[in-house]
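# Analysis of the macromolecular model
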Amino acid sequence: MAADTEEGHYFVREIEKNDGCTLKVKQCYLGDVGCVVWDAAIVLAKYLETKHFYDPSSGVNLWAGRRVLELGAGTGAVGLMAATLGAQVTVTDLEELQTLLRRNIQDNQALISCGSITAKVLKWGEDVSEFIPPLHYVLMADCIYYEQSIIPLVESLKLLCGPDTCIICCYEQRTEGINPQVERQFFELLQQNFSWEEILSDKQDSEFNSPDIHILHIRRKA
């Protein structure tokens, strides 16, 4: 279901940043999986501002000026965090999620000073020429979900990523139903062209992490 534009159809998820500012991300009471902020999106958003990436006290900011694309952005929470840290972000999802994405960008614009963010339609497996040259980072939170989307998702990653692109993938490991099979299929396809490392919990945000939520850094094989 498309994101409804009426105020009464929204509820807000707040994400407090380390600098004390708060992202206010609208979700929809009614809609598909893209209309809510999933736990994996919170874990990934908070990981982006860990000291490895962003530490103003020591002058570290690996996001400043970086070209970043979020796949399956949904509410745009992860991309919004990256933009507030100085990245040049494009959040992408299907046409029916664009209203919600644009609303959340508008509502959080005051927190974005050095970075930028824009919302665009991207259907996995289709033309990505609009987003080339290769990106510095591709972000994805809980995109390993639908069986029918796995092949086009991996195809999009192959098209979007150059040798220096880092994909940061965060997903909740689910054990019920078809989910384990979907995850297995994704990683079997992925390993044909990519390698990855898992980020241990001590490198993640100290509060926003969970044993069943995994963060991977994925890169093209040489």
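Now for a quick tour of the structure. (Residues numbered from 1 in each chain as written. Predicted model: local features only at pLDDT ≥ 70, side-chain atom pairs only at ≥ 80, totals over all residues. Heavy atoms only, no water.)

## Considering the pairing of strand β1 (residues 10-16)
As a reminder of what qualifies: Whether two strands pair depends on DSSP finding at least two bridges between them. Only DSSP runs of H or I reaching four residues or more are called helices, and only runs of E reaching two or more are called strands; each is numbered from the N terminus.
For β1 and strand β2 (residues 22-28), the ladder comprises 7 bridges, and the chain directions are antiparallel. Across the sheet, V12 pairs through a bridge with K26, a residue of β2. The hairpin formed by β1 and β2 contains 5 residues between the paired strands, and G20 there has a positive phi angle of roughly 95°.

## A look at the environment of Y10
Mapping Y10 onto the fold places it in strand β1. Sequence-wise, Y10 and R220 are 210 residues apart; in three dimensions their C-alpha atoms are separated by 39 Å.

## Describing the packing of aromatic side chains
Note the following rule: Side-chain rings of Phe, Tyr and Trp, where Trp is taken by its six-membered ring, are said to pair if the distance between their centres is within 6.5 Å; with planes under 30 degrees apart they count as stacked, over 60 as edge-to-face, and otherwise as tilted. Buried means the residue's accessible area, taken with a 1.4 Å probe over protein chains only, is under 20% of the maximum for its type, while exposed means over 50%, and partly exposed covers the values in between.
Counted under the stated rule, the structure contains 8 aromatic pairs. Summarising the aromatic geometry, the rings of F53 and Y137 are spaced 6.4 Å apart at their centres and angled 75° between planes, so their arrangement reads as edge-to-face. Of this pair, F53 sits in the loop between α1 (39-48) and β3 (54-55) while Y137 sits in strand β8 (residues 137-141), and the two are 84 residues apart along the sequence. By relative accessible area, which is 11% here, Y137 ends up buried. Through a chain of ring-to-ring contacts, the aromatic side chains of Y47, F53, W63 and Y137 assemble into a single cluster.

## Brief notes about the sheet that holds β8
Defined as follows: To get an axis, fit a line to the C-alpha atoms, keeping to the stretch in contact for a helix; angles then go from 0 to 180 degrees between the N-to-C directions. The criterion used for residue contact is that any of the two residues' heavy atoms lie within 4.5 Å.
With mixed pairing, 7 strands are arranged side by side in an open sheet as β7-β6-β5-β8-β9-β11-β10. Among the strands making up the open sheet, the edge pair consists of β7 (116-121) and β10 (194-198). Averaged over neighbouring strand pairs, the angle between their axes works out to 20° when direction is ignored. Bridge count for strand β6 (residues 88-93) against β7 is 6 bridges, and the pairing is parallel. Bridge pairing in β7 links T92 to K120. The sheet strands contacting α1 are β8, β9 (166-172) and β11 (213-220), and the helix crosses β9 at an angle near 140°.

## As for the nonpolar core
Put simply, the test is: By convention a nonpolar core is built from buried Ala, Val, Leu, Ile, Met, Phe, Trp, Tyr and Cys residues, the set being connected through side-chain atoms within 4.5 Å.
Core analysis: the biggest nonpolar cluster contains 40 residues, and L48, W63 and I168 have the highest contact counts within it. Of all the elements, α1 adds the most residues to this core, at 8 residues. Contact partners of W63, with chain neighbours within four places excluded, come to L48, F53, V68, L85, G86, A87, Y137, L139 and I168.

## What about the state of the cysteines?
Here is the rule we go by: A pair of cysteine sulfur atoms is labelled a disulfide when the two atoms are within 2.5 Å.
The full count for this structure, using the stated rule, is 0 disulfides. C114 provides the cysteine sulfur closest to C21, a residue in no disulfide bond, and the two sulfurs are 13 Å apart. For C21, a relative accessible area of 31% puts it in the partly exposed group. Residue C114 is classed as exposed on the basis of its relative accessible area of 66%.

## Regarding helix α5 (residues 179-190)
Along an α-helix, residues three or four apart share an orientation, since each turn contains 3.6 residues. Condition: A helix is expected to reach a length of 1.5 Å times the quantity of its residues less one. Working definition: the arc comes from the directions between the helix axis and the C-beta atoms, pointing outward to the latter.
Between its terminal C-alpha atoms α5 stretches 16 Å, which fits the 16 Å expected from 12 residues at 1.5 Å a residue. All of the buried residues in α5 are N179, V182, E183, F186, F187 and L190. Along the axis of α5, the buried residues cluster in a sector spanning 125°; they form a single face.

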